[in-house]
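Reading the structure
Chain residues, written in single-letter form:
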Amino acid sequence: MASVPLELADRFGRVARDLRVSLTDRCNLRCTYCMPAAGLEWIPTEQSLDDAEVIRLVGIGVEKLGIRSVRFTGGEPLLRRSLEDIVAATTRLRTDEGRAPATAITTNALGLDKRAAGLAAAGLDRINVSLDSTDRAAFAELTRRDRLGDVLAGIDAALEAGLSPVKVNSVVMPGVNEDSACDLVRFCLDRGLQLRFIEQMPLGPRGEWTREGMVTARDLLDRLAREFTLRPAAEPRGSAPAALWDVTDASGRSGKVGIIASVTHPFCGACDRTRLTTDGAVRSCLFSAAAEEVSLRDMMRAGASDDELAEAWAAAMWNKKPGHGIDDVGFLQPERTMSEIGG
Ligand code: SAM
Ligand code: SF4
């Protein structure tokens, strides 16, 4: 009898097709919503997946478990010198539909001016750049580094390399970059960048997030409505986390802005993600507890076969919770930060 192909299904009927891989927990910025000023206790190199281990696990995900898109993130994925090789190896894989998986990175764009052409040549399909403000002072306050110029050079290089659409991710923090949100919209409309605002989630330095203190999607839409005409976009949303809005400015120029209301309007019911941490653990959700992780790295290093790894990955996903539970009374912030998990 032919065996039934494995896929990353859970008990609530969702199937994961999108893999996020954290290639390093380290970073050259210190965004206040993500890391403390002093950085974190970094995962030692020998505990992190090496290139061959990353490529092996991505291969199992794509060729045995139905993954169709792979996003490399971190920490800062450009800090991994072999990123181009990892992308190239990923594009040589074939999905259950017989295609190369879609590849993407999420990056702060520092150094992207020198890497964008090479990444495009390696077969990278898409790029998301994090940019919270085009105001130099607000950018420096938020990231604790005065590097706005490098990010802008990186975005230009990505556009030049044809890595389009370039998406821009922006987290709005109260009292820091709220006032520059409309300027960011104009900056992105000017350059044909797809801007998505993300609600701040409780995944950064402990004790710094409060539900009352965060800028909600509603607050942001109210602010944008002062300078733009906003209409919900006609496109169906599918499993995409961003609700799209058509924005038009006073001169009639228009484009789209996405709002990712991860906290106030969770989209867990349509989530199609699975994640690999820097040190090779499967997480079914950004908000999973450490006890729910399964270390594929430990299994690999103990000699597990591809089939054994695939089965362990599928079993970990089967137990995915129905939602992140941020609003539940007993909610606990995960032990891991966004940079280890891979945002
Ligand atoms: N260093 C890369 C970057 O910044 O794009 C990739 C890793 S970063 C953790 C991935 C995304 O997570 C970024 O867009 C960042 O803005 C977002 N992020 C980090 N901490 C967050 C938080 N507490 N809430 C919401 N988004 C967060
Ligand atoms: Fe670094 Fe990205 Fe975290 Fe900012 S959000 S500190 S760029 S990992």
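Going by the structure above, here's the rest.
In this report, the structure presented in the accompanying data block is examined.

What counts and what doesn't
- Residues numbered from 1 in each chain as written.
- Chains lettered and ligands numbered in written order.
- Predicted model: local features only at pLDDT ≥ 70, side-chain atom pairs only at ≥ 80, totals over all residues.
- Heavy atoms only, no water.
- Helix = DSSP H or I, 4+ residues; strand = E, 2+ residues; numbered from the N terminus.
- Rg over C-alpha atoms; globule rule 2.2 N^0.38 Å.
- Buried < 20%, exposed > 50% of the residue type's maximum accessible area, 1.4 Å probe, protein only.
- Lys, Arg positive; Asp, Glu negative; His and termini not counted.
- Charge placed at Lys NZ, Arg CZ, Asp CG, Glu CD.
- Pairing = 2+ DSSP bridges.
- Near = heavy atom within 4 Å.
- Polar contact = N/O pair within 3.5 Å; in protein donor to acceptor, adjacent residues only side chain to side chain.
- Areas by Shrake-Rupley, 256 points an atom, 1.4 Å probe, with all protein chains shown as cover.
- Nonpolar A, V, L, I, M, F, W, Y, C, P; charged D, E, K, R; others polar.
- Arc of directions from axis to C-beta.
- Contact = heavy atoms within 4.5 Å.

When its secondary structure is counted, the protein shows 10 helices and 14 strands. Against the compact-globule benchmark of 20 Å for 343 residues, the protein has a radius of gyration of 20 Å, which places it among compact chains. Dimensions of the protein along its principal axes, counting C-alpha atoms only, are 65 × 50 × 45 Å. With 343 residues in all, the protein has 54% of them scored as buried. When the 43 basic and 50 acidic side-chain charges of the protein are each reduced to a single mean position, those positions are 2 Å apart.

Time to look at the sheet that holds strand β5 (residues 102-107). Strand pairing in a sheet relies on backbone hydrogen bonds, with the paired strands running either antiparallel or parallel. Ordered in space as β9-β10-β11-β8-β7-β6-β5-β4-β3-β12-β13-β14, the 12 strands form an open sheet in which the pairing is mixed. Of all strands in the sheet, those bounded by a partner on one side alone are β9 (229-232) and β14 (294-295). Where strand β3 (residues 18-22) and strand β12 (residues 273-276) come together, four bridges link them in parallel fashion. Across the sheet, Val 21 pairs through a bridge with Leu 276, a residue of β12.

Around ligand 1 there are 17 residues in total, and Tyr 33, Gly 75, Glu 76, Ser 130 and Met 201 lie nearest to it. Within the backbone of Gly 75, a nitrogen or oxygen atom sits 3.0 Å from a nitrogen atom of ligand 1. For ligand 1, an oxygen atom lies 2.5 Å from a polar atom in the side chain of Ser 130. If ligand 1 stood free it would expose 550 Å²; the protein chains cover 95% of that surface. Contributing elements (two or more residues each) for the shell around ligand 1: β5 and β7 (166-171). Here the shell around ligand 1 is built from residues that sort into five nonpolar, 10 polar and two charged.

Let's shift gears to the site of ligand 2. Residues in contact with ligand 2, as listed here, are Cys 27, Leu 29, Cys 31, Cys 34, Gly 75 and Asn 108. Looking at the shell around ligand 2 residue by residue, the class counts come to four nonpolar, two polar and no charged.

Further remarks concern unusual backbone geometry. Between Ser 164 and Pro 165 the backbone carries a cis peptide bond, its omega angle lying at 5°. With a phi angle near 75°, Ala 109 is a residue other than glycine that sits in the positive phi range. Among the secondary structure elements, Ala 109 is positioned in the loop between β5 and α3 (112-121). A positive phi angle is found at Arg 144, which is not glycine, with a value near 60°. Positionally, Arg 144 belongs in the loop between α4 (136-143) and α5 (148-160). Note on Arg 144: relative accessible area 29%, which makes it partly exposed.

For helix α7 (residues 217-225), every residue scored as buried is listed here: Ala 217, Leu 220, Leu 221, Arg 223 and Leu 224. Buried residues of α7, viewed axially, fall in a sector of 160°; they line one side. The inward-facing, buried residues of α7 abut α6 (181-191), β8 (194-198), β9, β10 (243-248) and β11 (254-260).

Where α3 is concerned, the buried positions are Leu 112, Arg 115, Ala 116 and Leu 119. What you see down the axis of α3 is that its buried residues fit within an arc of 120°, all on one side. Along α3, exposed side chains directed more than 90 degrees from the buried face belong to Lys 114, Ala 117 and Ala 121. Tucked inside the fold, the buried residues of α3 contact α2 (83-91), β5, β6 (126-130) and α5. Of the residues flanking the end of α3, it is Gly 123, one or two places downstream, whose phi is positive at about 105°.

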